[in-house]
Amino acid sequence: MQKLKEFYLNELHNDVMPFWLKNGIDYENGGYYTCLDRKGELFDTEKSVWFQGRMLWILSKMLNTFGHNEEIKKAADCGFEFIQKLIGEDGRMAFICTADGTLLQQR
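Attention in this report is confined to the structure presented alongside it. (Residues numbered from 1 in each chain as written. Predicted model: local features only at pLDDT ≥ 70, side-chain atom pairs only at ≥ 80, totals over all residues. Heavy atoms only, no water.)

### Describing the environment of Leu42
- Along the chain, Leu42 falls in strand β2 (residues 42–44).
- Judged by relative accessible area, which is 38%, Leu42 ranks as partly exposed.
- Taking the C-alpha atoms as reference, Leu42 lies 8.5 Å from Gly24; in sequence the two are 18 residues apart.
- With residues near it in sequence (within four places) discarded, Leu42 still touches Tyr33, Cys35 and Leu36. (Helix = DSSP H or I, 4+ residues; strand = E, 2+ residues; numbered from the N terminus. Buried < 20%, exposed > 50% of the residue type's maximum accessible area, 1.4 Å probe, protein only. Contact = heavy atoms within 4.5 Å.)

What follows is the structure, encoded as structure tokens:
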């Protein structure tokens, strides 16, 4: 069981998180890109709002579990600020938005 845990932690720290931190963070508009291929190439700039919350949760969990990491903190702040823009005047959140947070579909 310990070997399996070490395997997953290694994948998380050396493959999964570096991929998303390099390719998925949209520091220009805020939030996280969700349409990336296996190489990290962006194939659509629409953003799933559900994914915005999920990625923020993952980054926050990383910080709370493994301690402070400036790159992860910066990425978490980027998503937190972006999510604030996704609440409509009626109090509902967007479902899908453009890269800059413009509502495309609302639930």
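Read on for the rest.
### Quick look at the pattern of salt bridges
- All told, the structure shown has three salt bridges when counted by the stated rule.
- Put simply, Lys47 and Asp26 hold a salt bridge, and the shortest N to O gap is 2.8 Å. Residue Lys47 is found in strand β3 (residues 47–48), and its partner Asp26 is found in the loop between α1 (2–23) and β1 (35–36); the two are separated by 21 residues along the sequence.
- For Lys47, a relative accessible area of 0% translates into the label buried. (Salt bridge = Lys/Arg side-chain N within 4 Å of Asp/Glu carboxyl O.)

### Things to note about helix α3 (residues 70–84)
- Taking 1.5 Å as the rise per residue, α3 with 15 residues should run 21 Å; its terminal C-alpha atoms sit 22 Å apart, in good agreement.
- Among the residues making up α3, those that are buried are Ile72, Ala75, Ala76, Cys78, Gly79, Phe82 and Ile83. With its buried residues spanning 155° around the axis, α3 presents them on a single face. Opposite the buried face of α3, by more than 90 degrees, sit the exposed residues Glu70 and Glu81.
- Taken together, the buried residues of α3 touch α1, β3, α2 (49–66) and β4 (94–97).
- By the N-cap criterion, in which a side-chain oxygen at the helix start approaches the backbone nitrogen of a residue two or three places on, α3 is capped by Asn69, the distance to Glu71 being 3.0 Å. (Expected span 1.5 Å × (residues − 1). Arc of directions from axis to C-beta. Polar contact = N/O pair within 3.5 Å; in protein donor to acceptor, adjacent residues only side chain to side chain.)

### Side note on the packing of aromatic side chains
- The full count for this structure, using the stated rule, is three aromatic pairs.
- Measuring from ring centre to ring centre gives 5.4 Å for Phe19 and Trp20, while their planes differ by 85°; the resulting arrangement is edge-to-face.
- Take Phe19: its relative accessible area is 21%, and that puts it in the partly exposed class.
- Measuring from centroid to centroid gives 5.3 Å for Trp20 and Phe51, while their planes differ by 40°, and the two rings are tilted. In this pair, Trp20 is assigned in helix α1 and Phe51 in helix α2, connecting sequence segments 31 residues apart.
- Three or more aromatic residues joined by ring pairs form one cluster here, namely Phe19, Trp20 and Phe51.
- Sitting over the face of the ring of Tyr33, Lys47 holds its NZ or CZ atom 5.0 Å from the ring centroid.
- In this arrangement the basic side chain of Arg54 is found over the ring face of Trp57, its NZ or CZ atom lying 5.8 Å from the centre. (Phe/Tyr/Trp six-rings, centres within 6.5 Å; stacked < 30°, edge-to-face > 60°. Lys NZ or Arg CZ within 6 Å of the ring centre and 35° of its normal.)

No statement about biological role is implied by the geometric values presented.
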